[in-house]
Amino acid sequence: MESLQMTTSTKVSSCIPSSRNPVQAKFSNFTVTGQVGYAPFWRGRSGSRCLRIRASVSGGGGGRGSSSQDGNSAVEDEEKEEKKGFLLGTEMDGSGSVVGFNLITQSGKDRFNGVNDSFKETPNNGLEDSEDIGREKSANTRVTHNIVFVTSEAAPYSKTGGLGDVCGSLPIALAARGHRVMVVSPRYINGTPADKKFANAVDLDCLIKVYCFGGVQEVGFFHEYRDGVDWVFVDHPSYRRPGNPYGDMHGAFGDNQFRFTLLCHAACEAPLVLPLGGFTYGEKCLFLVNDWHASLVPVLLAAKYRPYGVYKDARSILVIHNLSHQGVEPATTYMNLGLPPEWYGAVEWVFPTWARAHALDTGQAVNLLKGAVVTADRLLTVSQGYSWEITTAEGGYGLNGLLSSRRSVLNGITNGIDVAEWDPSSDEHIACRFSAENLNGKAQCKIALQKEVGLPVRPDCPLIGFIGRLDYQKGIDLIRSSIPEIMEDEVQFVMLGSGDPQFEDWMRATESAYKDKFRGWVGFNVPISHKITAGCDILLMPSRFEPCGLNQLYAMRYGTVPVVHDTGGLRDTVENFNPFAQEGHGEGTGWTFSPLTKESMLAALGNAILTYREHKSSWEGLMKRGMQRDYTWENAAIQYEQVFEWAFLDPPYVS
């Protein structure tokens, strides 16, 4: 069936367009393929509750006639069925809430009143339950959107962690599926070779005025079209300084609220004023705002734009990568945000008594992430497990009550990984390439790693690895307290990371104490991270909380078996090993442990070491199952598209 396409023209502003071919950017606002209206609601489901409808529904689905007598008889039977009436079946989600209806004949067959057969439901056209969001493996793009990512970092231009990975890869995957995608982030210039990453970004010569912080701020835009995505960089003097996106060796920058307020205002203007490829994105956009740095965007849409008829059809989705950072500042800074006075309640925050500095401290503050939780149309986290954890007192960081009240629009989608960069069959950083079909190169990678870090070459000795920040969240204190017991066994341990100076010093001291068993690499090195991932037998991740986690995904792709704390994204992605399942063939991809104690971690690690030594066939099964898991960004993009559909089912947030 040909797609039904609607195009809305947008007036091009006076800003100079980019050098990209205008033909490449001629997108319509959206395209609908294979269904109309609310067709996803009409899918039948076994076990649906039914109500009787006495009114007859006219038949005659076009195109179903048959020249044979059997065909005519079937039509007559169907007409008789219609005269008996139909049943109204309710379609429910996992919580038991009614999300749609379908018409069912008394014989149990679905009917679609007034819908041509060409629009009949296909396996990929139904609205999935929120708990089933991760089960759909492949689907065609049904509706394309103009999507605007707003983020403080996007790889390869800027990156300090998983946020940069997501906002550098997911936009490309969505663009490949037919969406028009823009990524808005700051243009960080810090006087290092990293500045060359912006070399291909062209100055759009388009300056806008932002009213905030007691005056008029002027910001510009740079643009690069790469991999089907419009990469837009906001330019302002506050982004030109040494350090990383958030601070330098002396700590966090004191004006971060100002810097990211500018980003949010600029991101709201970009779809309206930037004629990328000759056409602006227009008002019907879908904003994906990431963490607190971009959280002012949904508030601005509701407070500054929609009251004047702008962005009335736009939607916003808040993606929470780490709830522990919320953009909290003193209440007196509200006047700097460029919001109307009556919107203070949206970002108002009061610290509990125990968290106040002194007896006269009222605890009044503004919380930018809270404002997005209130005003965004949908909420997402980077794993299903984390979407539950943030609604608990332990994982909610004070926002658990508010997040629980919005649980109906809260979902989790596990991050993908760059399968081109992290591919053991083509990785340029490792000594020998291998795959799930041919694991021979894995042993060579282990020997090469032992040689490079200066450990004795022992192919049969279990080699344990750790890659990550050296801080409390990653459970480094647990590893430190467990090292004496671990080193009593015949194992080797390699760690890579930087962070808390006390943990860095501990790694150096431990290497001196266990010269033949332990190596610690202070800092971060991309080639070494690949070599550890490929060469180790076991990856240890005792994180206290982990919104998603990427290292366990990299490890499984390289046949390295993860041993992880049963939390957040680690729980979602690592399936606990069961040697008795599948008629003795086993199932699972690693070991999870809980509670987060030294004893629990050592027990899981001991089981992994025992299996490696004494059950080689089971270990090979663990390796292969992990390597065959699908954690591509395409799979994640399909799940995001389902949330996009849900976002447009309800009207946008208004005060």
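Given the structure is predicted, the values throughout are model-derived calculations rather than measurements.

Chemist: An account of the pattern of salt bridges is requested, with residue identities and associated values reported.
Modeler: Considering all chains together, one arrives at 20 salt bridges under this definition. One salt bridge in this structure joins Asp537 and Lys446, with 2.7 Å as the shortest N-O distance. One end of the pair, Asp537, is in the loop between helix 12 (526-535) and strand 25 (538-541); the other, Lys446, is in helix 9 (residues 440-453), and 91 residues separate them in sequence. For the residue pair Asp537 and Lys446, the accessibility class agrees, reading buried in each case. For the salt bridge of Glu490 with Arg458, the shortest nitrogen-to-oxygen distance reads 3.1 Å. A residue pair is termed long-range when its members are at least 10 positions apart, and Glu490 in the loop between helix 10 (476-488) and strand 23 (492-497) and Arg458 in the loop between helix 9 and strand 22 (463-467) qualify at 32 residues. For Glu490, a relative accessible area of 40% puts it in the partly exposed group. A relative accessible area of 33% means that Arg458 is categorised as partly exposed. Connected through shared salt-bridge partners, Arg187, Asp235 and Arg240 make up one network.

Chemist: I'd like to hear about the packing of aromatic side chains, residue by residue, with values.
Modeler: Under the criterion given, the structure shown has 22 aromatic pairs. Consider the rings of Tyr157 and Phe233, whose centres lie 4.7 Å apart with planes at 65°: the pair is edge-to-face. Within this pair, whereas Tyr157 is found in the loop between strand 7 (146-150) and helix 2 (162-176), its partner Phe233 is found in strand 12 (residues 229-235), the two being separated by 76 residues in sequence. Each member of the pair, Tyr157 as well as Phe233, is classed as buried. Geometrically, the ring pair formed by Tyr246 and Phe260 is tilted, given 6.1 Å between the ring centres and 45° between the ring planes. On the criterion of sequence distance, the pair formed by Tyr246 in the loop between strand 12 and strand 13 (247-248) and Phe260 in helix 3 (residues 256-273) is long-range, its members being 14 residues apart. As far as burial versus exposure is concerned, Tyr246 and Phe260 are alike and both buried. Connected via pairs of aromatic rings, a cluster forms that spans Tyr157, Phe198, Trp231 and Phe233. Its end group placed over the ring of Phe222, Arg187 keeps NZ or CZ at 3.9 Å from the ring centre. Arg544 extends its terminal NZ or CZ atom over the ring of Tyr472, reaching a point 3.7 Å from the ring centre.

Chemist: Tell me about the sheet that holds strand 19 (residues 364-367), and please be specific about residues and values.
Modeler: Strand-to-strand pairing in sheets goes through backbone hydrogen bonds, with the strands running parallel or antiparallel. Taken in spatial order, the three strands line up as 17-19-18 in an open sheet, and their pairing is antiparallel. Every other strand in the sheet has two partners, leaving strand 17 (328-330) and strand 18 (348-350) as the edge strands with one partner each. Between one strand axis and the next, the sheet turns by 45° as a mean value, whatever way the strands run. Pairing between strand 17 and strand 19: three bridges, direction antiparallel. Residue pairing in the sheet places Val328 in a bridge with Asn367 of strand 19. Docked against the sheet, helix 6 (residues 368-375) engages strand 18 and strand 19, running at close to 60° with respect to strand 19.

Chemist: Now, about helix 10: what can you tell me, with residues and values included?
Modeler: With 13 residues, helix 10 should reach 18 Å at 1.5 Å per residue; the first-to-last C-alpha distance of 19 Å fits that figure. Of all the bends in helix 10, the greatest, near 50°, is centred on Ser482, and the proline Pro484 appears no more than four residues after it. Buried within helix 10 are the following residues: Ile476, Leu478, Ile479, Ser482, Ile483, Ile486 and Met487. Turning to helix 10, the residues buried within the fold contact strand 22, strand 23, helix 11 (501-513), strand 24 (518-522), strand 25 and helix 15 (598-614).

Chemist: Give a description of helix 16 (residues 616-627) that names residues and reports values.
Modeler: A rise of 1.5 Å per residue sets the reference length of helix 16, with its 12 residues, at 16 Å; its end C-alpha atoms lie 17 Å apart and thus fit the reference within 8%. Of all the residues in helix 16, the buried ones are Ser618, Trp619, Gly621, Leu622, Met623, Gly626 and Met627.

Chemist: Summarise the side chain of Ser529; cite the residues concerned and give the values.
Modeler: Within the secondary structure, Ser529 is located in helix 12. If we ignore the near neighbours within four places in the chain, the residues touching Ser529 are Trp422, Ile467, Leu496 and Phe524.

Chemist: Summarise the pairing of strand 12; cite the residues concerned and give the values.
Modeler: The buried fraction of strand 12 is high, at seven of seven residues. Burial along strand 12 is two-sided: the residues Val229, Trp231, Phe233 and Asp235 and Asp230, Val232 and Val234 are all buried. Relative to strand 12, strand 8 (residues 180-186) is paired through six bridges, and the arrangement is parallel. Paired with Val183 across the bridge in strand 12 is Trp231. Strand direction decides the pairing type here: strand 11 (residues 215-226) and strand 12, joined by seven bridges, are antiparallel. Each residue of the ladder has a partner; that of Phe222, found in strand 12, is Phe233. Taking the residues between adjacent antiparallel strands as the criterion, strand 11 and strand 12 are bridged by two residues, where Asp227 takes a positive phi near 55°.

Chemist: Tell me about the pairing of strand 10 (residues 208-212), and please be specific about residues and values.
Modeler: Burial of the side chains of strand 10 is restricted to one face: Ile208, Val210 and Cys212 are buried, whereas none of Lys209 and Tyr211 on the reverse face is. As judged from the five bridges shared by strand 10 and strand 11, these two strands associate in the antiparallel manner. Residue pairing across strands places Ile208 opposite Val219, the latter belonging to strand 11. Taking the residues between adjacent antiparallel strands as the criterion, strand 10 and strand 11 are bridged by two residues, where Phe213 takes a positive phi near 50°.

Calculation rules
- Residues numbered from 1 in each chain as written.
- Predicted model: local features only at pLDDT ≥ 70, side-chain atom pairs only at ≥ 80, totals over all residues.
- Heavy atoms only, no water.
- Salt bridge = Lys/Arg side-chain N within 4 Å of Asp/Glu carboxyl O.
- Helix = DSSP H or I, 4+ residues; strand = E, 2+ residues; numbered from the N terminus.
- Buried < 20%, exposed > 50% of the residue type's maximum accessible area, 1.4 Å probe, protein only.
- Phe/Tyr/Trp six-rings, centres within 6.5 Å; stacked < 30°, edge-to-face > 60°.
- Lys NZ or Arg CZ within 6 Å of the ring centre and 35° of its normal.
- Pairing = 2+ DSSP bridges.
- Axes fitted to C-alpha atoms, helices over the stretch in contact; angles between N-to-C directions.
- Contact = heavy atoms within 4.5 Å.
- Expected span 1.5 Å × (residues − 1).
- Bend = angle between axes of the 7 residues up to and from the residue.

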